[in-house]
Amino acid sequence: MGHVRNYGIGDVVARFMRMKGFNVLHPIGWDAFGLPAENAAIKNKKHPAKWTEDNIATMQTQLRSLGLSYDWDREIATCRPEYYRWSQWCFLKFYEKGLVYRKKSQVNWCDACNTVLANEQVIDGCCWRCDGEVEDRFQEGWFFKITDYADRLLEGCKHLSGKWPEQVLIMQSNWIGKSYGAEVDFKIKEKNETIKVFTTRPDTLYGATFMVLAPEHPLVSQLSLGTKQEIEVNKFVNKVKQEDKLARTSEKGEKKGVFTGAYAVNPLTGEDIPVWSANFVLMDYGTGAVMSVPAHDQRDLDFARKYNLPIRIVIQPKDRPLDESNMTEAFSTNGIMVNSGSFNGLASEEAKKKVCEHLEDIKIGKSSVNFRLRDWGVSRQRYWGTPIPIVRCEECGLVPVPENELPVQLPLDVKLGDRGQSPLTTLGKFYKTQCPKCGNLARRETDTLDTFVCSSWYFNRFTSAKNNQSAFNKDDLDYWMPVDQYVGGIEHAILHLLYSRFFHLVFKDLGFIKSDEPFDCLLTQGMVIKDGAKMSKSKGNVVDPDEIIQNYGADTARLFILFAAPPAKDLEWSDQGVEGCYRFLKRVWKIFDDFIIDIKLAGSITKDYKTDSKELLELRRVTHVTIGRVTDDIQIKMQFNTAIAAIMEFVNHLYTFRDSWLLLKGKDDCSRPIVKESFETLILLLAPFAPHIAEEMWSLLGHKTSIVQVEWPVFNKDFTTTEELLIVVQLNGKVRQRITVSASASQEVIKSLALNDSKIKEQTKGREIKKVIVVPGKLINIVVK
Ligand SMILES: [Zn+2]
Ligand SMILES: [Zn+2]
């Protein structure tokens, strides 16, 4: 039902925009490579290719039965060679541009999944897919240089503001994590070593009374080597390496450390400061080394108190001077510089800049920018993915596979290990190849690409899905891209949504595309909740859409999922809610059936129609008010639940109207045309939500074209006014009475209302009415004898 929701939202937008006269490209494809498919296939003892294609077939049937208006001609599956050929081509383009490299580094390893994961795929220390614990490993792999684009990705967040959910932009900005500060060199005493430290607070440099290295920092064991600290340091390092990174760095986690035996020199005070190693410093942020300023950083203060390290205040608050001996809270905001040499007396904000300038003058540092974002590890040690189009030659090193030899086919006749070990590493006919450069025997890369690579550019492929000459046509990209409306879950905030933005910027730099961003507007739909938890197979609280379709029809399934909550909010599953939507559609059908003969007898409404019937005028008013509400709710607010509520109110009004219909029909020339307008409007407004019943009613009215090709009803404000006018009634030119009439009332109606008014009736009793003059909208004069 989560899928029904995501796709249902997109379908309303697609159908609505089509009816508004736009060319709409509403595509569907299968992100079909990757761990989940491979793991499920192994569990079910099937080949991943067979498993995946079977699932695609099942899903296709289900999506078709929901009546989602996809362009099936453009369907793609990322696991098919005609698609992954172009994923490989993208990889080569990135490689040519210097945005791909291979290095040995510390990586996140999920043992259960038997593969390396990107930083973005580690959530609270666990694997995003299996929730298994993630451990550090030191091994080689391929990386995309997303860090080269950190600044532009951050800048882009500003332009997306208002068009993307603010929460997603905040998550991306935080993940990119840009901070300004200084890079400072600390010399290690009696050793020929310099440690670079990044600090966001150069103004506190005079207060740096010790230094801390990450236990993983290569210098830690080197510095203690041969000192009496050596054994203790090694013991500490080994212990911390086994600890959970998240727990280590959390604010509440216990801060533990060890003195390395070495001293660094504070470059501004010239003092010796001890070098420690502590669990709360990680290797992946900055340089793995921090200068500790206990007076102005809470973590450092806690650590200094615990290990009895010196504390020095270098910034004093303006109002209440602090004292090192009794401070329990670090002073981490701005104030006045003290104990800081020539910078004393300056405001600390100003000192930040001045200290940086000074560091540059004396050549021991400079102002610098630091990012939290790390390069994207795209190597996977698994089978079910896009083969990386690189060959390793003893002579030539890493050699890209020539474009005309793509795709590097993933061999299908393989047997998978039951723990997901890739068969590619031992499959001679796959990895044994010739070097494209020198022709010598060489080894094909056996890592496959992270499935997020496949999904980072797929939307471009939809614009020319069948093209077997290139990944896309420039003209098609220019016409369709960027995507006007994207719908996807918030769980992709720093994964797919960030990677796609990165790819798009690279595509722009490669001259493929003009826009800066892939998705102009983004809607992140809420979850479908049942019994208090997100619907998921593992929790056993799943409702199968097929079952709902079987019992109630696809329109009920769609209507419920769109009506039960606004798209961005979580939706609570309710069997009664489903029943309610089903009953509503039956009510629509019933009232339509009651009126169908009259509608078919009706002509169109003429422009200068006149009617005296309050009921007909009210029906027309409600019709147009509903058009206005539904149009705004879809187009401007993207609130489909209130749009459906407006349609429901409209149907209620039609039931009320039915009570007076017997007396009205045939009375006026325009009575049937007004009814026809109302019902046709109802059907058209319902079409994006419940397309099947709408199409059926539309065709029963005798229309030959499909409802998807019919124009969306046009709202007319003139019909929605309930304005009444005050009309003066004169008898022989003298004002005798005032009556209120509807603004659209005809002369005949005004005349009859005036003559039937009780006061006027009394005064004209027994007298001959010679003439009645009506001045429209103003007065009526009755001439009597
Ligand atoms: Zn895992
Ligand atoms: Zn070679």
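Bear in mind that the values here come from a model prediction, so they are computed numbers and not experimental data.

A. Expanded view of the pairing of strand E29 (residues 724-731). With 8 bridges connecting them, E29 and strand E30 (residues 734-742) associate as antiparallel partners. Paired with Val-729 across the strands is Gln-737, a residue of E30. Between E29 and E30, which follow one another and run antiparallel, lie 2 residues, and Asn-732 among them has a positive phi close to 50°. In the sheet, E29 pairs with strand E32 (residues 779-784) via 4 bridges, with the strands oriented parallel. Within E32, the position partnered with Val-728 by the bridge is Leu-779.

B. How the structure looks around the sheet that holds strand E21 (residues 432-434). Strand order in the open sheet made by the 4 strands is E20-E19-E22-E21, with antiparallel pairing throughout. Of all the strands in the sheet, the pair left with one neighbour each is strand E20 (397-400) and E21. Sheet twist, expressed as the average angle between the axes of neighbouring strands with direction ignored, equals 45°.

C. Fine view of the coordination of the zinc ion (ligand 1). Protein-derived coordination of the zinc ion (ligand 1) comes from Cys-110 (SG), Cys-113 (SG), Cys-127 (SG) and Cys-130 (SG), at a distance range of 2.2 to 2.4 Å. The coordination sphere of the zinc ion (ligand 1) comprises 4 donor atoms, whose angles at the metal cover 99 to 118°; the geometry is tetrahedral. Donor residues for the zinc ion (ligand 1) sit on one chain with the sequence pattern C-x2-C-x13-C-x2-C. Under the relative-accessibility criterion, Cys-127 is labelled buried at 1%.

D. Local environment of the coordination of the zinc ion (ligand 2). Around the zinc ion (ligand 2), the protein contributes the donor atoms Cys-393 (SG), Cys-396 (SG), Cys-435 (SG) and Cys-438 (SG), which lie 2.2 to 2.3 Å from the metal centre. Around the zinc ion (ligand 2), the 4 donor atoms are arranged such that angles at the metal cover 104 to 113°; this shape is classified as tetrahedral. Site description for the zinc ion (ligand 2): donor spacing in sequence, C-x2-C-x38-C-x2-C. With a gap of 42 residues between them, Cys-396 in the loop between strand E19 (390-393) and E20 and Cys-438 in the loop between E21 and strand E22 (441-444) connect regions that are remote in the sequence. Looking at Cys-396, the relative accessible area reads 26%, which means it is partly exposed. With relative accessibility at 35%, the residue Cys-438 sits in the partly exposed group.

E. Region of the structure containing helix H23 (residues 691-700). Restricting attention to buried positions, one finds in H23 the residues Pro-691, Ile-693, Ala-694, Met-697 and Trp-698. One face of H23 carries all of its buried residues, which in axial projection span an arc of 165°.

F. Main features of the side chain of Arg-558. Its location among the elements puts Arg-558 in helix H18 (residues 554-563). Given the relative accessible area of 2%, Arg-558 is considered buried. A polar contact is formed between the side chain of Arg-558 and the backbone oxygen of Pro-688, at a distance of 2.9 Å. With residues near it in sequence (within four places) discarded, Arg-558 still touches Asp-11, Arg-15, Leu-66, Gly-67, Leu-68, Pro-688, Phe-689 and Pro-691.

G. Seen up close, the packing of aromatic side chains. Inspection of the entire model under this criterion finds 56 aromatic pairs. Each ring, one from Trp-276 and one from Phe-303, has its centre 5.6 Å from the other, and the planes form 85°; the classification is edge-to-face. Of the two residues, Trp-276 sits in strand E12 (residues 272-278) while Phe-303 sits in helix H10 (residues 298-307), which places them 27 residues apart along the sequence. Centre to centre, the rings of Phe-657 and Trp-661 are 5.7 Å apart; their planes meet at 40°, and the pair counts as tilted. Taken as a pair, Phe-657 and Trp-661 lie in helix H21 (residues 640-664) at a separation of 4 residues, close to a single helical turn. Just as Phe-657 is buried, Trp-661 falls in that class too. The ring centre of Trp-72 lies 4.2 Å from the NZ or CZ of Arg-64, which sits over that ring.

H. Representation of the packing of helix H19 (residues 575-601) against helix H22 (residues 671-686) in the model. Running from N to C, H19 and H22 cross one another at 145°; their axes reach a closest spacing of 10 Å. Handedness of the H19/H22 crossing: left-handed. In this structure, H19 contributes Phe-584, Leu-585, Val-588, Ile-591, Phe-592, Phe-595, Asp-598, Ile-599 and Leu-601 to the contact, and H22 contributes Arg-672, Val-675, Lys-676, Phe-679, Leu-682, Ile-683 and Leu-686. Along the lines of polarity and charge, the residues of the contact of H19 with H22 split into 13 nonpolar, no polar and 3 charged.

I. Geometry of the sheet that holds strand E3 (residues 100-110). If you trace the 4 strands from one edge of the open sheet to the other, you get E4-E3-E7-E17, paired in antiparallel fashion. For this open sheet the edge positions go to strand E4 (115-117) and strand E17 (376-377), each flanked by a neighbour on one side alone. With 11 bridges connecting them, E3 and strand E7 (residues 134-144) associate as antiparallel partners. Bridge assignment links Val-107 to a residue of E7, and that residue is Arg-137. Contacting E3 and E7, helix H4 (residues 81-96) runs over the sheet at an angle of about 80° to E7.

What counts and what doesn't
Each chain carries its own residue numbering, running from 1 in the written order of its sequence. For this description, chains carry letters from A and ligands carry numbers from 1, given in the order in which they are written. Whole-chain, interface and lining totals are the exception, using all residues; otherwise, since this is a predicted model, local features are given only for residues with pLDDT of at least 70 and side-chain atom pairs are given and counted only at 80 or more. By convention in this description, side-chain values take in all heavy atoms of the structure and omit both hydrogens and water. Strands qualify as paired when DSSP identifies two bridges or more between them. Starting at the N terminus, helices and strands are each numbered in turn, a helix being any DSSP run of H or I of at least four residues and a strand any DSSP run of E of at least two. Only the stretch in contact is used when fitting a helix axis, every axis being a line fitted to C-alpha atoms; angles between N-to-C directions are given from 0 to 180 degrees. Each metal's donors are the N, O and S atoms within 2.8 Å of it, or within 3.2 Å when it is Na, K or Ca, and because water is not part of the set, sites may look incomplete. By the criteria applied here, four donors are tetrahedral when all angles lie between 85 and 135 degrees, four are square planar and six octahedral when opposite donors are over 155 degrees apart and every other angle lies between 65 and 115, and any other arrangement is irregular. Here's how the labels work: a residue is buried when its accessible area is under 20% of the maximum for its type, exposed when over 50%, partly exposed in between, all with a 1.4 Å probe on protein chains only. The arc in question is the one spanned by the directions pointing from the helix axis to the C-beta atoms. Identification of polar contacts relies on pairs of N or O atoms within 3.5 Å, with a donor-acceptor requirement for protein atoms, meaning one able to donate a hydrogen and the other able to accept it, and with residues adjacent in sequence counted only if both atoms are side-chain atoms. In what follows, residue pairs with any heavy atoms lying within 4.5 Å of each other are defined as contacts. Note on aromatic pairs: the rings of Phe, Tyr and Trp (six-membered ring only in Trp) are paired at centre separations within 6.5 Å, and the planes decide the class, stacked below 30 degrees, edge-to-face beyond 60, tilted for the rest. Only Lys NZ and Arg CZ are tested; either one counts as a charge over a ring when it is within 6 Å of the ring centre and within 35 degrees of the ring normal. Two helices that cross are described as forming a left-handed crossing if the nearer one is turned anticlockwise from the farther one by less than a right angle, and a right-handed crossing if clockwise. Any residue that is not Ala, Val, Leu, Ile, Met, Phe, Trp, Tyr, Cys, Pro, Asp, Glu, Lys or Arg is counted as polar, Gly included; the first ten are nonpolar and the last four charged.

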